[in-house]
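Single-letter residue listing:
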Amino acid sequence: MKQYAGDDIRRIMAEMPHELVEALQARYREHMITEYEARWWGFMMFARTGSYEGDEYSVTANGTGDVFTENVVSYVLQDRAGRERHGLKRPTWPPAAH
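Please read these numbers as outputs of a predicted model, since none were measured by experiment.

Engineer: Please provide a residue-by-residue account of the pairing of strand β2 (residues 67-71), values included.
Structural biologist: Note: strand β1 (residues 56-60) against β2, five bridges, orientation antiparallel. Following the sheet pairing, Val59 is matched in β2 by Phe68. Counting the residues that bridge the hairpin from β1 to β2 gives six residues, and of these Gly63 lies at a positive phi of roughly 90°.

Right, here's the structure in full:
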């Protein structure tokens, strides 16, 4: 997976086609995925595959060869729970200016 940081991440998120954001939100309507969450997932898919599309990805662990699979719903729900535990608000899109 290629490594990205700061402005590159925000640019990739911003360039995600709005139709893909809406399609992801529609597929998982019951989880009320925000635009930020959809764009962040799109970034994660882009970083791994070069494409914004996909609802899951797999990672092979070095050494053991074990394969771990993550999907959009479990990732979003885990991220929300972590933010809630730490008293953080769910981020909005576009990101607030610094």
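Engineer: Which residues make up the environment of Ser51, and what values do they have?
Structural biologist: Tracing the backbone through its elements, the reader meets Ser51 in the loop between α3 (35-49) and β1. Judged by its relative accessible area of 29%, Ser51 is partly exposed. It is 9.3 Å that separates the C-alpha atoms of Ser51 and Met16, two residues lying 35 residues apart in sequence. Discounting residues that sit within four places of it in the chain, Ser51 has contacts with Gly42, Met45 and Phe46.

Engineer: So what about the packing of α3 against helix α4 (residues 72-85)? Which residues, and what values?
Structural biologist: As a packed pair, α3 and α4 sit with axes 11 Å apart at the nearest point and diverge in direction by 120°. In terms of axis orientation, α3 runs oblique to α4. By crossing handedness, the relation of α3 to α4 is classed as right-handed. Note on element contacts: α4 touches α3 through Val72, Tyr75, Val76, Arg80 and Arg83, opposite Tyr36, Glu37, Trp40, Trp41 and Met44. When grouped by side-chain class, the residues that make up the contact of α3 with α4 number seven nonpolar, no polar and three charged.

Engineer: Go over the nonpolar core, please, and point to the residues and values.
Structural biologist: A general trend in soluble globular proteins is that nonpolar side chains are found buried together. Of all hydrophobic cores here, the largest spans 21 residues; its most connected members are Met13, Leu24, Tyr28, Ile33, Trp41, Phe43 and Val72. Among the secondary structure elements, those contributing two or more residues to this core are α1 (6-15), α2 (18-27), α3 and α4. Ranked by residue count, the leading element in this core is α3, at seven residues.

Reading the values: rules and limits
- Residues numbered from 1 in each chain as written.
- Predicted model: local features only at pLDDT ≥ 70, side-chain atom pairs only at ≥ 80, totals over all residues.
- Heavy atoms only, no water.
- Pairing = 2+ DSSP bridges.
- Helix = DSSP H or I, 4+ residues; strand = E, 2+ residues; numbered from the N terminus.
- Buried < 20%, exposed > 50% of the residue type's maximum accessible area, 1.4 Å probe, protein only.
- Contact = heavy atoms within 4.5 Å.
- Axes fitted to C-alpha atoms, helices over the stretch in contact; angles between N-to-C directions.
- Parallel < 35°, antiparallel > 145°, perpendicular 65-115°, else oblique.
- Left-handed = near helix turned anticlockwise from the far one by under 90°.
- Nonpolar A, V, L, I, M, F, W, Y, C, P; charged D, E, K, R; others polar.
- Core = buried A, V, L, I, M, F, W, Y, C linked by side-chain atoms within 4.5 Å.

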